[in-house]
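# Analysis of the macromolecular model
What follows is the residue order along each chain.
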Amino acid sequence: MSRMIPYENLKTLNKPFEEKLRKKFDLFLDKGWYILGQEVSLFEEEFAAYHQEKHVVGVANGLDALILSLKCCKFSPGAEVIVPSNTYIATILSIIHCGLTPILVEPDSKTYNIDPAKIQSAITDKTAAIMVVHLYGQCCEMDPIMEIATQHGLKVIEDCAQAHGAKYKNQLAGTFGDFAAFSFYPTKNLGALGDAGAIICKSEADAAQIRQLRNYGSEKKYHNSVVGYNSRLDELQASFLREKLPYLDEINNHKRALAAIYFQELNGDFIKPHVGSDFHHVYHIFNILHPERDRLKKYLLDQGIATEIHYPVAPQNQLALKDYLTKFDYPISTKIHETTLSLPCSFAHTKADIYQVVEILNKFNT
């Protein structure tokens, strides 16, 4: 057997940044300011500048970014939020935690993102928002989604956890809707060394409200004007993210180069992602579909290649959600969850790694 190819290796991934990160930690330790300091403010400014936006608020994690975005909208209890039926559970949890009702809409079977054609029929007089998820690193088809939202007076919240630097018609993910929620979980294209998140807001008023909400509802110390949360981006994680942000495009381009090998070399036994000319995919996840996914996963592991499944259980089959979701069939989502397999495609991988994966994959069933 050739050497083991892990699905992800965070030690290797962060090796190029290690010296800078150590220096950042030493400065952090010397400064003695641990919460909501200069590093958070500077990261907010720099992340906003990357997106050519004015308002970014750092929060504790991606789930909180979604929750605080919804809270800022002040929807009526029970209002409906349209969300894709194949998203990660965090997206749906944010809706439930805000006392709102998640309405699942099937994805496009080729892109795995919410199908704009199916959104219209899901809208009722209780619909308040569309929460799009730019899944796996590819933007949703935002033009028709924004048209539907405008037509019906709906808010649009973008879940950008997997789409740092992704583009639709040359416009960055996170710059279309009213709010955009980001996770910087360590495996993301822009990953911290722990939990971290941020929100892009379209107005100073919204940004100010979320700054209040993230800090116990306080603008002034010990004066609490709204019922808030403790969801502050950690000063240390902000400093790490500041070091890695200038390399985000390089990280994305590396992942795109690895994905290009899969597209060119993988045989027709595997369904590869569909990427149209309007989309700049950043491949947070490179997934394939195969009807014998579980056997394929074991075969690859036996050959020294680790893979993941994003995600093995569809939302409507999650025990935690059984009392919150309307009982409908979601055949497209079900098929994706039953057949998807995520292949190694990380900043830590080399092109040689991917060629080895392809060689072994193409021998499956031969």
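For the structure, see preceding data.
I will try to describe carefully the structure that is included in this document. (Residues numbered from 1 in each chain as written. Predicted model: local features only at pLDDT ≥ 70, side-chain atom pairs only at ≥ 80, totals over all residues. Heavy atoms only, no water.)

## Topic: the side chain of Ser94
Selection criterion: The numbering of helices and of strands both runs from the N terminus, where a helix is a DSSP run of H or I of at least 4 residues and a strand a run of E of at least 2. Pairs of residues are marked as contacts when any of their non-hydrogen atoms sit within 4.5 Å.
When you line up the elements, Ser94 lands in helix H5 (residues 89–97). Beyond its immediate stretch of four places on either side in the chain, Ser94 contacts Leu63, Leu66, Ile67, Leu70 and Met131.

## Brief notes about the packing of helix H4 (residues 62–73) against H5
Rules: Every angle, taken between N-to-C directions, lies between 0 and 180 degrees, and every axis is a line fitted to C-alpha atoms, over only the stretch in contact when it is a helix. Orientation labels follow simple angle bins: below 35 degrees gives roughly parallel, above 145 gives roughly antiparallel, 65 to 115 gives roughly perpendicular, and whatever is left gives oblique. What makes a crossing left-handed is the near helix being turned counterclockwise from the far one by less than a right angle; a clockwise turn instead makes it right-handed. Think of it as three bins: nonpolar holds Ala, Val, Leu, Ile, Met, Phe, Trp, Tyr, Cys and Pro, charged holds Asp, Glu, Lys and Arg, and polar takes everything else, Gly as well.
It is the contact of H4 with H5, at a shortest axis distance of 9 Å, that shows an interaxial angle of 40°. Classified by the angle between their axes, H4 and H5 sit oblique to one another. Seen from above, H4 lies across H5 with right-handed handedness. Contact residues: Leu63, Leu66, Ile67 and Leu70 in H4; Ala90, Thr91, Leu93, Ser94, Ile95 and His97 in H5. Classifying every residue of the contact of H4 with H5 gives seven nonpolar, three polar and no charged.

## What to know about the pattern of salt bridges
Note the threshold: Between Lys or Arg on one side and Asp or Glu on the other, a salt bridge is scored when a side-chain nitrogen of the former is within 4 Å of a carboxyl oxygen of the latter.
All told, the structure shown has 18 salt bridges when counted by the stated rule. A salt bridge links Lys11 to Glu18, with the shortest nitrogen-to-oxygen separation between them at 3.1 Å. For Lys15, the salt bridge goes to Glu18, with nearest N and O atoms at 3.3 Å. A cluster of three or more residues bridged by salt bridges with shared partners is formed by Lys24, Glu39, Glu46, Arg242 and Glu243.

## Topic: the nonpolar core
How we decide: Residue types Ala, Val, Leu, Ile, Met, Phe, Trp, Tyr and Cys, when buried and joined through side-chain atoms within 4.5 Å, form a set referred to as a nonpolar core. Residue burial is assigned from relative accessible area. The probe radius is 1.4 Å, only protein chains are included, and a residue is buried under 20% of its type maximum, exposed over 50%, and partly exposed in between.
Ranked by internal contacts, the top residues of the largest apolar core, which has 42 residues, are Phe43, Ile82, Ile119, Ile130 and Phe184. Elements with a minimum of two residues in this core: helix H3 (38–50), strand S3 (101–105), strand S4 (127–133), helix H7 (142–152), strand S8 (179–183), strand S9 (197–201) and helix H9 (235–244). Look past the residues within four positions of Ile82 in its chain and what remains in contact with it is Ile103, Val105, Ile114, Ile119, Ala122, Ile123, Thr127, Ala129, Ile130 and Met131. Within the second largest apolar cluster, 33 residues are counted, among which are Cys73, Ile92, Ala129 and Cys201.

## So, helix H2 (residues 18–31)
Stated formally: Expected span, for any helix, means 1.5 Å times one less than how many residues it has. Within this analysis, the arc is defined by the directions that extend from the helix axis to the C-beta atoms.
In a regular helix each residue adds 1.5 Å, so 14 residues correspond to 20 Å; H2 covers 20 Å between its end C-alpha atoms and thus fits that length. Buried within H2 are the following residues: Glu18, Leu21, Lys24 and Phe28. Buried residues of H2, viewed axially, fall in a sector of 120°; they line one side. Turned more than 90 degrees away from the buried face of H2 sit Glu19, Arg22, Lys23, Leu27 and Asp30, all of them exposed. Structurally, H2 contributes buried residues whose contacts are with helix H1 (10–14), H3 and H9. Two residues or fewer past H2, Gly32 is found with a positive phi of approximately 75°.

## Let's talk about the packing of aromatic side chains
Inclusion rule: Ring pairs are drawn from Phe, Tyr and Trp, using the six-membered ring of Trp, whenever the two centres fall within 6.5 Å, and their geometry is named by plane angle: stacked under 30 degrees, edge-to-face over 60, tilted for the rest.
All chains considered together, the criterion is met by 18 aromatic pairs. Note on Phe28 and Tyr34: the rings are 5.1 Å apart at their centroids and 50° apart in plane angle, and the pair reads as tilted. Each ring, one from Phe182 and one from Phe184, has its centre 6.4 Å from the other, and the planes form 10°; the classification is stacked. Each member of the pair Phe182 and Phe184 is classed as buried. Aromatic ring contacts, followed pair by pair, group Phe43, Phe47, Phe182 and Phe184 into a single cluster.

It is worth stressing that arrangement in space is one thing and function is another; only the former is reported here.
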